[in-house]
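Results of the structural survey
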Amino acid sequence: MRILIVEDEKDLAAVLSELLEMEGYYTDISNDGESGLDNALSGIYDMIILDIMLPKMDGIEVLSQIRKNNISIPVLMLTAKSEIEDKVYGLDNGADDYLTKPFNSKELLARIRALSRRKEKTLVEENMSFADITLDKSTYEILKDTQKIKLSKKEYDLIELLILNYGKVVSKESLVMKIWGYDTDVEYNSIEVYISFLRKKLKAVGSQIHISTARGRGYTIKENKNG
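Only a predicted model underlies this, so the values are computations on that prediction, with no experimental measurement involved.

Calculation rules
Residues numbered from 1 in each chain as written. Predicted model: local features only at pLDDT ≥ 70, side-chain atom pairs only at ≥ 80, totals over all residues. Heavy atoms only, no water. Pairing = 2+ DSSP bridges. Helix = DSSP H or I, 4+ residues; strand = E, 2+ residues; numbered from the N terminus. Contact = heavy atoms within 4.5 Å. Axes fitted to C-alpha atoms, helices over the stretch in contact; angles between N-to-C directions. Right-handed = clockwise from strand over helix to strand, strands pointing away. Buried < 20%, exposed > 50% of the residue type's maximum accessible area, 1.4 Å probe, protein only. Polar contact = N/O pair within 3.5 Å; in protein donor to acceptor, adjacent residues only side chain to side chain. Parallel < 35°, antiparallel > 145°, perpendicular 65-115°, else oblique. Left-handed = near helix turned anticlockwise from the far one by under 90°. Nonpolar A, V, L, I, M, F, W, Y, C, P; charged D, E, K, R; others polar.

Within the open sheet, the 3 strands sit side by side as E10-E12-E11. Their pairing is antiparallel. Single-partner strands in this sheet number two, and they are strand E10 (170-171) and strand E11 (209-214). Two strands pair when backbone bridges link them, and E11 and strand E12 (residues 218-223) are joined in this way by 6 bridges, in the antiparallel orientation. Considered in E12, the bridge of His 210 is made with Lys 222. Seen against the sheet, helix H8 (residues 188-204) touches E11 and E12 and runs at an angle of roughly 155° to E11.

Spelled out as structure tokens, the structure:
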């Protein structure tokens, strides 16, 4: 799991990063709201820890922009404020949980685990439909009418990520970090191989979906409505 920490207190951000990486998470740090939003919109993160008081753009505005861009990953808000109104305001604007500074590291980790379980439960229970296909999360299959075909885990993750970013070009860098992880040594031509597999399997079930190559940038998914 990859977690984005958006926190302007650099010492606290470093401590959080070290704590989370000791627990097996990958982390990145942004020290202001603008860079935090830019990183969040990349689509490579599984969770965001977001401080409410930030320079350049406050945490509530960052959160609002994240949700406006249809990014539904869990967001845990951090704040030095303890008033109920502030917590309600954050939750009403799309936060999934709230933690008031100073906090206990064990409580932070417990909340992260809880948010992670909630996200995984939702993904397992909900199949994803797009254009003329359905992705079955439990079997890693593409379903179309009476046709179905099995995907590998990496193939499934690739097409799911492309669908979640429908209308956008997803860079090879984003695909590598999201699916293989930050420290992987996988080469970009491996992604091209998996994309080729996906194209053949979509064709095998008669889908009108097409994965296009944006030369020099990455890939985008679209529906060929003209057949």
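Anyway, onward from the coordinates.
Within the open sheet, the 4 strands sit side by side as E6-E7-E8-E9. Their pairing is antiparallel. The open sheet has two edge strands with one neighbour each: strand E6 (128-130) and strand E9 (147-150). When the angles between neighbouring strand axes are averaged without regard to direction, this sheet yields 20°. Here 3 bridges tie E6 to strand E7 (residues 133-136), and the two strands are oriented antiparallel to one another. Residue pairing across strands places Met 128 opposite Leu 135, the latter belonging to E7. Here helix H6 (residues 153-164) sits on the sheet and contacts E6, E7, strand E8 (141-144) and E9; the angle it forms with E7, its principal contact strand, is near 130°.

Both strand E1 (residues 2-6) and strand E2 (residues 26-30) contribute to a ladder of 5 bridges, which runs parallel. Along E2, the bridge assignment pairs Ile 5 with Ile 29. Each parallel crossover has a hand, and for E1 linked through helix H1 (residues 10-22) to E2 it is right-handed.

Here we take up helix H3 (residues 59-68). Those residues of H3 lying buried are Gly 59, Ile 60, Val 62, Leu 63, Ser 64 and Ile 66. For H3, the capping residue at the N-terminal end is Asp 58, with a side-chain oxygen 2.9 Å from the backbone nitrogen of Ile 60.

Looking now at the packing of helix H2 (residues 33-40) against H3. It is the contact of H2 with H3, at a shortest axis distance of 10 Å, that shows an interaxial angle of 20°. As summarised for this structure, H2 and H3 are arranged roughly parallel, according to the angle between their axes. Between H2 and H3 lies a crossing of right-handed hand. Touching Gly 33, Leu 37 and Ala 40 of H2 are Val 62, Gln 65 and Ile 66, all from H3. Of the residues in the contact of H2 with H3, the class split is 4 nonpolar, 2 polar and no charged.

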